[in-house]
Amino acid sequence: MESITKNAISIEKVQSSKIALVDFDNLAFGSVFSDHMLVCDYRNGAWENPKIVPYGPISLAPAAKIFHYGQSIFEGMKAYKDDTDSIFLFRPKDNHKRFNISASRMSMPELPEEYFMEGLKTLLELDKAWIPQSEGSAMYIRPFMFASGEGFHASPADAYKFMICLAPSGPYFAGKVKVLIEEKYSRSANGGVGYAKTGGNYAGQFHPTQLAKSKGYHQVIWTDDHKHENIEEAGAMNIFVRIGDTLITGPTSDRILDGITRKSVLEVAESEGIKTEVRTITVTEVVAAAKDGSLKEMFGAGTAAVISPIAGFGYRDTDYELQEVENSYAALFKKRITDIQYNRAKDPFGWRVEV
Ligand code: PLP
Ligand code: COI
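Residues numbered from 1 in each chain as written. Chains lettered and ligands numbered in written order. Predicted model: local features only at pLDDT ≥ 70, side-chain atom pairs only at ≥ 80, totals over all residues.

- Under the annotation held in an unreviewed UniProt entry, the protein carries the name Branched-chain-amino-acid aminotransferase and is attributed to Maribacter algarum.
- Under Sequence similarities (unreviewed entry), UniProt gives the following word-for-word description of the protein: "Belongs to the class-IV pyridoxal-phosphate-dependent aminotransferase family." (UniProt positions renumbered as here; feature names shortened; annotations may be inferred.)

Considering the packing of helix α2 (residues 92-105) against helix α3 (residues 113-126)
Reasoning step 1: The N-to-C vectors of α2 and α3 enclose an angle of 135°; their axes lie 10 Å apart at closest approach. Taken together, the axes of α2 and α3 lie oblique to each other. In the crossing of α2 with α3, the sense of the turn from one axis to the other is right-handed. For the pair α2 and α3, contact is made by Pro92, His96 and Phe99 and by Glu113, Phe116 and Met117, respectively. (Axes fitted to C-alpha atoms, helices over the stretch in contact; angles between N-to-C directions. Helix = DSSP H or I, 4+ residues; strand = E, 2+ residues; numbered from the N terminus. Parallel < 35°, antiparallel > 145°, perpendicular 65-115°, else oblique. Left-handed = near helix turned anticlockwise from the far one by under 90°. Contact = placed C-beta atoms within 7 Å.)

Quick word on the pairing of strand β15 (residues 295-302)
Reasoning step 1: Counted residue by residue, β15 has 7 buried out of 8 residues, so it is predominantly covered.
Reasoning step 2: In the sheet, strand β12 (residues 238-243) pairs with β15 via 6 bridges, with the strands oriented antiparallel. The residue bridging Ile239 from the neighbouring strand is Gly300, located in β15.
Reasoning step 3: Judged from the 4 bridges that link them, β15 and strand β16 (residues 306-315) form a sheet pairing that is antiparallel. What sits directly across from Gly302, in β16, is Val306.
Reasoning step 4: Hairpin remark: β15 followed by β16, antiparallel, with 3 residues in the connecting loop. (Buried ≥ 20, exposed ≤ 12 C-beta atoms within 10 Å, placed from the backbone. Pairing = 2+ DSSP bridges.)

Okay, here's the thing in structure tokens:
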């Protein structure tokens, strides 16, 4: 594996920062971007030329294969600042690993860990002042790669760009989340690309999600493409249900994104002695549990979503509401995980990485 040092990353700084224009007390999710971005090229079979430049438009050929065949992948991460201004990442090597799993599925070149980690750390140090400190906010990190090589032949490109942009962000969902259990459309299929973080997986969700939004829901809960009988995941997060005192989430598969927050929740649950099952969750059992009151909680887990309690779900023209519970699992997991992320508690799992 090639290695790079910080000296190998060329840095062109902005002439004047935009930071004074940002209202850090009212940050939306992913809509303002820091001063700089990282760009790195893949040509002639090798990664080269990592550079940090002012955030701004890039130039691409109209025949770049990203526009025609959608070779694109991304990751979602966050950087957190504690009250001494130290910066932390959460399980970043897991994101790098998943990035390469996505790359391989989309016939794109893998990225050496050094390019990912060193590039990210250098960029974060440069734009450190942009990392928000207020509760519920963090620096959302978007590493991504796309086919910049040209050609209309439907085959993998010969050139790619890897980039990282930073967006100081508030919460992904403004309030409580209502979801719709989907029976017509599918997000992914056996043998497909559901487990890869590739752009098309998200574009394909926009239409059904817009339909759900027009009915008052925030996200779609995807069911299996075969019979639409089992709960898979939501558009931007993995799903957990609590029936009685048992925490349940579906198994990962080639249809589902193997979420880092999901596996962290499972580890925290184990350390708390919470009874946990990783198994197929049927829509029928969730509806029955909602009717008889044993469905205590439902929540989503993801980097952007953190732990998002679900206030209710729609299924076949009926809405089911969930009442707030005392000693909520969602609240417990959110506290345990964010306390580690923001360096407010010891990290017995070894997840926190100081930048
Ligand atoms: N599922 C989907 C489709 C996602 O986009 C995300 C977000 O990255 C997740 C689940 C949660 O994954 P993670 O916890 O690694 O952010
Ligand atoms: C993330 O949680 O990082 C994601 O990638 C979800 C995205 C749709 C915002």
